[in-house]
Protein chains: 2
Amino acid sequence: MPDFVSDKHLFHNPVEFAMSKIGGMYKMPILWRLKDKTWRYSELAHNIPHISDRMLSKSLKELLNDGFISKEIFPEVPLRTEYTITERGNKAVTIITALRNYGFELMNDFGIKEK
Amino acid sequence: MPDFVSDKHLFHNPVEFAMSKIGGMYKMPILWRLKDKTWRYSELAHNIPHISDRMLSKSLKELLNDGFISKEIFPEVPLRTEYTITERGNKAVTIITALRNYGFELMNDFGIKEK
DNA sequence: CAGTATCCTCCTAGATACTG
DNA sequence: CAGTATCTAGGAGGATACTG
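Definitions and limits used
- Residues numbered from 1 in each chain as written.
- Chains lettered and ligands numbered in written order.
- Predicted model: local features only at pLDDT ≥ 70, side-chain atom pairs only at ≥ 80, totals over all residues.
- Heavy atoms only, no water.
- Helix = DSSP H or I, 4+ residues; strand = E, 2+ residues; numbered from the N terminus.
- Expected span 1.5 Å × (residues − 1).
- Buried < 20%, exposed > 50% of the residue type's maximum accessible area, 1.4 Å probe, protein only.
- Contact = heavy atoms within 4.5 Å.
- Pairing = 2+ DSSP bridges.
- Axes fitted to C-alpha atoms, helices over the stretch in contact; angles between N-to-C directions.
- Near = heavy atom within 4 Å.
- Polar contact = N/O pair within 3.5 Å; in protein donor to acceptor, adjacent residues only side chain to side chain.
- Nonpolar A, V, L, I, M, F, W, Y, C, P; charged D, E, K, R; others polar.
- Core = buried A, V, L, I, M, F, W, Y, C linked by side-chain atoms within 4.5 Å.

If you check an unreviewed UniProt entry, chain A appears there as Helix-turn-helix transcriptional regulator from Chryseobacterium gilvum.

Below, the structure is given as structure tokens:
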């Protein structure tokens, strides 16, 4: 697996590339919530623990630019925007599900009990 | 999914926990190489692109402490150490394989051609 | 409501040098 | 050969304030 460049950034393997697209603190939590319904900005903001407006808007923008989600703006008063997962996003959810299941296994393996 | 603490570090979801164990730049590349045979330190050092001694030794130590690999020291001259994957490491390889396949799909999806 | 702009902190990884 | 120690840089994410 040789190095390759995408979007002016150097990658060494496919996992690194995938993580550059759906990694970080909040992208998976966002995609996970969008997997079976449309959410509006404020719903995500209130539902994802600890997320700030800065990180939410930054993450949404990147997921949007990379085609994992789509956005619809309703020019009402007050303003409403809705985020929906795309086909590319749905494929991501498959691996997120696997990662999540593995994470639970590992937590159990390490004796961490969830409520 | 409530927050939880492990090893004095705060986590928000199972994916974050999994990534704290097998994430970072080099842990997956190491586990990937150990999946079907034992490697010695210098073989890993020469085979994993761009890795420094510092990062190799640091990553190996953490994988060892977390039970993903085991280590055997042969007190010969010159010194020889061999690293072998454990059952826990093999489970990790399953998800790494899935992530890797997803990464290849995504690269293809984004028009990145590998050689 | 749905964001953006600025500034700042911490942590991962790189560079370099050294050792049993 | 198989590492460890020290120092540094870059980038992800936090805090806070502001806006169409």
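Having put the structure on the table, let's press on.
Looking now at helix H5 (residues 87-109) of chain A. With 23 residues, H5(A) extends 33 Å between its outermost C-alpha atoms, agreeing within 8% with the 33 Å of an ideal straight helix rising 1.5 Å per residue. Listed as buried for H5(A) are A:Gly89, A:Ala92, A:Val93, A:Ile95, A:Ile96, A:Leu99, A:Tyr102, A:Gly103, A:Leu106 and A:Met107. Lining the buried residues of H5(A) we find helix H1 (14-22), helix H2 (27-34) and strand S5 (80-85) of chain A together with strand S1 (4-6), helix H1 (14-22) and helix H5 (87-109) of chain B.

So, about the environment of B:Met28. Residue position: B:Met28 is located in helix H2 (residues 27-34). For B:Met28, a relative accessible area of 6% translates into the label buried. If we ignore the near neighbours within four places in the chain, the residues touching B:Met28 are A:Val15, B:Met19, B:Ile22, B:Ile96 and B:Leu99.

Okay, the sheet that holds strand S4 (residues 69-74) of chain A next. All names here are of chain A. Read across the open sheet, the three strands follow the order S3-S5-S4; overall the sheet is antiparallel. What marks the edges here is a single partner per strand, and that holds for strand S3 (39-40) and S4. For S3 and S5, the ladder comprises two bridges, and the chain directions are antiparallel. Following the sheet pairing, Arg40 is matched in S5 by Glu82. Strands in contact with H2 are S3, S4 and S5; relative to S5, the strand with the most contacts, it is inclined by about 90 degrees.

So, on to the protein's contact with DNA strand D. Close to DNA strand D lie 18 residues, the nearest being A:Met25, A:Arg54, B:Ser42, B:Ser57 and B:Tyr83. Among all atoms of DNA strand D positioned within 4 Å of the protein, those belonging to sugar or phosphate total 62%. Here B:Arg40 contributes a side-chain N or O atom positioned 3.1 Å from a phosphate oxygen of DNA strand D. Going through the elements one at a time, helix H4 (53-65) of chain A together with helix H3 (41-47), helix H4 (53-65) and strand S5 (80-85) of chain B are the ones with two or more residues in the surface near DNA strand D. It is H4(B) that provides the largest number of residues to the surface near DNA strand D, a total of four residues. The residue makeup of the surface near DNA strand D, split by class, is seven nonpolar, four polar and seven charged.

All names here are of chain B. Taking strand neighbours across the sheet as the criterion, the three strands line up as S3-S5-S4 in an open arrangement whose pairing is antiparallel. Edge strands, defined here as strands with exactly one partner in the open sheet, are strand S3 (39-40) and strand S4 (69-74). Contacts from H2 reach S3, S4 and S5 within the one sheet, and its direction differs from that of S5 by about 90 degrees.

A:Ile22, A:Leu31, A:Phe68, B:Ile22, B:Leu31 and B:Phe68 are the most contacted members of the largest nonpolar core, which totals 64 residues. Beyond its immediate stretch of four places on either side in the chain, A:Phe68 contacts A:Lys21, A:Ile22, A:Leu31, A:Leu63, A:Ile85, A:Thr86, A:Arg88, A:Gly89, A:Ala92, B:Tyr102, B:Leu106 and B:Phe110.

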